[in-house]
Amino acid sequence: MKNNMFYLLFIPLIVLILLVLLILETNLNDEEEIKIVEEDLHKSNILYYDNTIYLDYDDLNNFNIAANEVINYSISINNIVDKLMQKDKSIKLYSEKDNKILETLLTKEDANKIFGDYLNIKDDVTVKVLFKDAEDNQEVEDIDFKINREEILRTRVVKTAQEQLENTGEKYWEWYGFNHRVEWCCVFVSWVAEQHGLIEEGKIPKFIWVKKGVDFYKERNQWKYPYEYTPKGGDIIFYDWNNNEVIDHVGIVEKVENGYVYAIEGNVGYTHVKRKKYKLSSSYIYGYGIPAY
């Protein structure tokens, strides 16, 4: 009976000791793995936190060989962006204080091929590349234009139009090729577009007849009527003063604010470039051309 009692007490004790040893060994292995990862991170200036990988652009070349297996790019960061965009990867570039952040998403498989020597990645991750003091960095500007082309071009077109306010029409119709006054609202829009290479790219036509501008956008499925669309800065706005399907005038949308659309137009009062304001529901607005910036 005593022997039976001994075994009944001893066996659970042995089991308990084994469990404790197993837990201690597991914790030691985890601590060792964490230590190794921390050392590698320190060496490579990578941070991995909350399913996001952070690295400095200056350290990006550490991963050229591994990343080449995933997206087949050369050393240029511009080529990295090109390849990611071609693969329809989510990618954006935005400002943070004086720096720029390039952000993209990678699958677990792609991320492990690139960063697997440094990190044990178990899920899809966000990767953020930091460009320090990016304000005068031409390479960053080129990347920004690739990723945010539409927004940047819209902003540039509006800015150029704003800079023309209160000008008279001579320089615009002379640019078009006339040595005398013409109705120049279309010419003004064309001139602004030319300053950004948009005529050559086929984004905005060079036109002197308003209907030609409307037809250009309708033929390309880049046309919206006022009831189906809220315009954005850089859109081309067309007017029908008499609601008779005869298009009378054109301008460049500057902004939309508090239920009004603001436009910058040439040949206002037959004399100047002016800023005009209309209710979004105005019957004067025939529709909008939406350039494929």
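The shown structure was predicted, so the numbers you read here are calculated from the model rather than taken from an experiment.

Conventions used here
The written sequence of each chain sets the order in which its residues are numbered from 1. The predicted origin of the model limits local features to residues at a pLDDT of at least 70 and limits the giving and counting of side-chain atom pairs to 80 or more, whereas totals for whole chains, interfaces and linings rest on all residues. Side-chain measures were taken over the full set of non-hydrogen atoms in the model, leaving aside hydrogen atoms and water. Secondary structure elements are taken from DSSP: a helix is a run of H or I of four residues or more, a strand is a run of E of two residues or more, and numbering for both begins at the N terminus. Residue burial is assigned from relative accessible area. The probe radius is 1.4 Å, only protein chains are included, and a residue is buried under 20% of its type maximum, exposed over 50%, and partly exposed in between. When checking whether two residues touch, look at their non-hydrogen atoms; a contact exists if any pair is within 4.5 Å. Strand pairing is assigned whenever DSSP detects at least two bridges linking the two strands. Between N-to-C directions, angles cover 0 to 180 degrees, with each direction set by a line fitted to C-alpha atoms, over the stretch in contact for helices. Note: the arc covers the axis-to-C-beta directions of the helix.

**Student:** Could you clarify how one ought to interpret unusual backbone geometry in this entry?
**Tutor:** The phi torsion of most residues other than glycine is negative, and most of the peptide bonds are trans. One non-glycine residue with positive phi stands out, namely Asn 51, at about 60°. Tracing the backbone shows Asn 51 in the loop between strand 1 (46-49) and strand 2 (52-56).

**Student:** How should the side chain of Glu 254 be read in this particular structure?
**Tutor:** By the element assignment, Glu 254 lies in strand 8 (residues 249-257). On the basis of relative accessibility, which here comes to 11%, the residue Glu 254 falls in the buried class. Ignoring anything within four residues of it in the chain, the contact list for Glu 254 reads Val 158, Gln 162, Gly 233, Tyr 262, Ala 263, Ile 264 and Arg 275.

**Student:** How should the sheet that holds strand 8 be read in this particular structure?
**Tutor:** Strands in a sheet are paired, the pairing made by backbone hydrogen bonds, and the direction either parallel or antiparallel. Strands sit in the order 6-11-7-8-9-10 across an open sheet of six strands; the sheet is antiparallel. Single-partner strands in this sheet number two, and they are strand 6 (223-224) and strand 10 (272-279). Sheet analysis places strand 7 (residues 236-239) next to strand 8, joined by four bridges and oriented antiparallel. Opposite Ile 237, over in strand 8, you have Gly 251 as the bridge partner. Against the sheet, helix 8 (residues 185-194) engages strand 7, strand 8, strand 9 (260-268) and strand 10, with an angle of about 60° to strand 8. Running over the sheet, helix 9 (residues 210-219) touches strand 6, strand 7, strand 8 and strand 11 (285-289) and is turned about 125° from strand 7.

**Student:** Please explain helix 4 (residues 108-115) as it appears in this structure.
**Tutor:** Note on helix geometry: an α-helix contains 3.6 residues per turn, so any two residues three or four positions apart are oriented the same way. Listed as buried for helix 4 are Asp 110, Ala 111, Ile 114 and Phe 115. Projection of helix 4 onto a plane perpendicular to its axis shows the buried side chains occupying an angular sector of 105°, all on one side.

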